[in-house]
Amino acid sequence: MSRPPAPLLLPGDPVVFTAAEALGHGISRSRLRRADLESLGTGIHRLSGSRPTERDLAAAMCRQDLSVVVHRVSAARFWRFPLPGRQAVPAEIRPDEKGTPRFATADPHSQGMVRIEVRRLLQLAGPGRKRRHTSLIRWSPASIPLDERVRIGDLQVTTRIRTLRDLAPILTMDELVMIGDHLVRRPRPDLEGGRDEPYASISQLVSMADSYEGRGALALREAMRLIRTSSDSPAETQLRLAAVRGGLPEPLANAPVRIGSVNLGEPDLLWREWKVMAEHEGPRHRTPQQQAKDIARTEKRVNAGWTEIRTTAPDLRNDCARGVHRIREALRNHGWQG
């Protein structure tokens, strides 16, 4: 009977590590061939039965080479940017039907099922020698300046502002605005672990865009001039941009409304002159408790002479056509002449 393999004893007990890292800690090559380890590509191993993530793989590559930087969409996921579609969904590493390691995400429509994301790759910048792409990693020879990267634990990632710049060639202008709004929005300390400062200022983002001359530069510059400090969600940004494109007056976002001693809250979007508000009903509004609060709030606003438009996902389709139409009608009913 073969003896069980000895513990690896790597600092931090990582589920993904490189051969170079293991050898550097005194682990033999023969140990790396034992059955409790699996290959994720040349010189990269994982613990058998584990479900490593993109972050686990990125951390292993950053530990092996201190010049490696996570960038582009991978950095955006690390920073939890509001990316479009499935790009924002965290992924595990699983074998595809041929046994090739791939990133996979949970399928929201089939419990327990996963979807192999063939096009998803961990995006790393590694200056100097040419590096080999794998089924999981896409390398760039880009050299990231020191002031545009940050080390967090065993990861090195481009800063939030540099990450936004790197997304200019691949995102639409509206998507860039959504991320810009996310970075400059006023945080709510009671809901965000005490954070009381935005991640960036509008002037910082405008300056970054003005100095950028690569692909997507024009869209990035225009997008940074459309960001506002008060949008709390991508849906709010999307509806605000569509409303302005549709010829409506630009609304305020999350601005307080008080009528004498009556507090009407901070609606998602607000046309104060015409007493029209819009609230987007996202997933957090689906609980019975939140629905009861929303109904009571709406009644208070209506009694004070305001119209509240409550939008849902269908209102955001086709450049928010239905949502903009509903808001336009409400504004006209309150005297807007547009």
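The residue count restarts for each chain, going from 1 along the sequence in the order it is written. Restriction of local features to residues with pLDDT of at least 70 applies here, the model being predicted, together with a cutoff of 80 or more for giving and counting side-chain atom pairs; totals for whole chains, interfaces and linings are based on all residues. Excluding hydrogens and water, the side-chain values take into account all heavy atoms of the structure.

What to know about the packing of helix α5 (residues 173–184) against helix α7 (residues 217–224)
So, point 1. Where α5 contacts α7, the two axes come as close as 9 Å, and the packing angle between them is 45 degrees. Considering their axes alone, α5 and α7 lie oblique with respect to each other. The element α5 and its partner α7 pack so that their crossing is right-handed. Contact residues: Met173, Leu176 and Val177 in α5; Ala219, Leu220, Glu222, Ala223 and Met224 in α7. Axes here refer to lines fitted to C-alpha atoms; in helices the fit is confined to the stretch in contact. Angles between the N-to-C directions go from 0 to 180 degrees. By the criteria applied, helices consist of DSSP H or I runs no shorter than four residues and strands consist of E runs no shorter than two, each listed in order from the N terminus. Roughly parallel means an angle under 35 degrees; roughly antiparallel, over 145; roughly perpendicular, 65 to 115; everything else is oblique. Each crossing gets its handedness from the near helix: less than a right angle anticlockwise from the far helix is left-handed, clockwise is right-handed. Contact between two residues is taken to exist if any of their heavy atoms lie within 4.5 Å; hydrogens are not considered.

A short note on the packing of aromatic side chains
So, point 1. For Phe, Tyr and Trp, where Trp contributes only its six-membered ring, two rings pair if their centres lie within 6.5 Å, and the inter-plane angle classes them as stacked under 30 degrees, edge-to-face over 60, or tilted in between. According to the stated counting rule, one finds 1 aromatic pair in the structure shown.
So, point 2. Pairing Phe78 with Trp79 gives two aromatic rings, centres 5.0 Å apart and planes at 75 degrees, and the pair type is edge-to-face.
So, point 3. The exposure class assigned to Trp79 is buried, which follows from its relative accessible area of 13%.
So, point 4. Counted as over-ring charges are cases with an Arg CZ or a Lys NZ within 6 Å of the ring centre that also lie within 35 degrees of the ring normal. It is Arg160 that lies over the ring of Tyr199; its NZ or CZ is 3.8 Å from the centre.
So, point 5. Stacked on the ring of Tyr199, the Lys or Arg Arg195 has its end atom at 3.9 Å from the ring centre. Partly exposed describes any residue whose relative accessible area lies between the buried limit of under 20% and the exposed limit of over 50%, with all areas from a 1.4 Å probe on protein chains only and scaled to the type maximum.

Here we look at the sheet that holds strand β17 (residues 307–311)
So, point 1. Between any two strands, pairing holds if DSSP finds at least two bridges. Taking strand neighbours across the sheet as the criterion, the 4 strands line up as β12-β15-β16-β17 in an open arrangement whose pairing is mixed. Taken across any chain shown, the strands that pair with only one partner, and hence form the sheet edges, are β12 (252–253) and β17.
So, point 2. Pairing of strand β15 (residues 269–271) with strand β16 (residues 276–280) involves 3 bridges; the strand directions are antiparallel. The partner of Trp271 across the bridge, within β16, is Val276.
So, point 3. Across the sheet, helix α8 (residues 234–245) lies against β15, β16 and β17, angled at about 35 degrees from β15, the strand it touches most.
So, point 4. Strands in contact with helix α10 (residues 317–333) are β15, β16 and β17; relative to β17, the strand with the most contacts, it is inclined by about 175 degrees.

Brief notes about the nonpolar core
So, point 1. Leu57 and Met224 are the most contacted members of the largest nonpolar core, which totals 48 residues.
So, point 2. It is helix α2 (residues 54–64) that contributes the most residues to this core, 6 residues altogether.
So, point 3. Excluding residues within four positions of it along the chain, Met224 makes contact with Leu164, Leu176, Leu205, Val206, Met208 and Ala209.
So, point 4. Put simply, a nonpolar core is a bunch of buried Ala, Val, Leu, Ile, Met, Phe, Trp, Tyr and Cys residues held in one set by side-chain atoms that sit within 4.5 Å of each other. With 19 residues, the next largest nonpolar core counts Leu239, Ala242, Val324 and Trp336 among its residues.

Here's the deal with the environment of Glu279
So, point 1. Here Glu279 shows up in strand β16.
So, point 2. Beyond its immediate chain neighbours, meaning those up to four positions away, Glu279 contacts Glu266, Pro267, Asp268, Arg297, Arg301, Glu308, Ile309, Arg310 and Thr311.
So, point 3. Of the polar contacts made by the side chain of Glu279, one reaches the side chain of Arg301; its length is 2.8 Å. A 3.5 Å cut-off defines polar contacts: any pair of N or O atoms within that distance qualifies, except that in protein one atom must be a possible hydrogen donor and the other a possible acceptor, and neighbouring residues in sequence count only when both atoms are side-chain atoms.

With respect to the environment of Ser74
So, point 1. Relative to the elements of secondary structure, Ser74 occurs in helix α3 (residues 72–78).
So, point 2. Accessibility expressed as a relative area gives 4% for Ser74, which makes it buried.
So, point 3. The sequence separation of Ser74 and Gln156 amounts to 82 residues, and the corresponding C-alpha distance is 12 Å.
So, point 4. Those residues in contact with Ser74 that lie beyond four places of it in its chain are Glu54, Leu121, Leu122 and Gln123.
So, point 5. At 2.8 Å, the side chain of Ser74 and the side chain of Glu54 are in polar contact.

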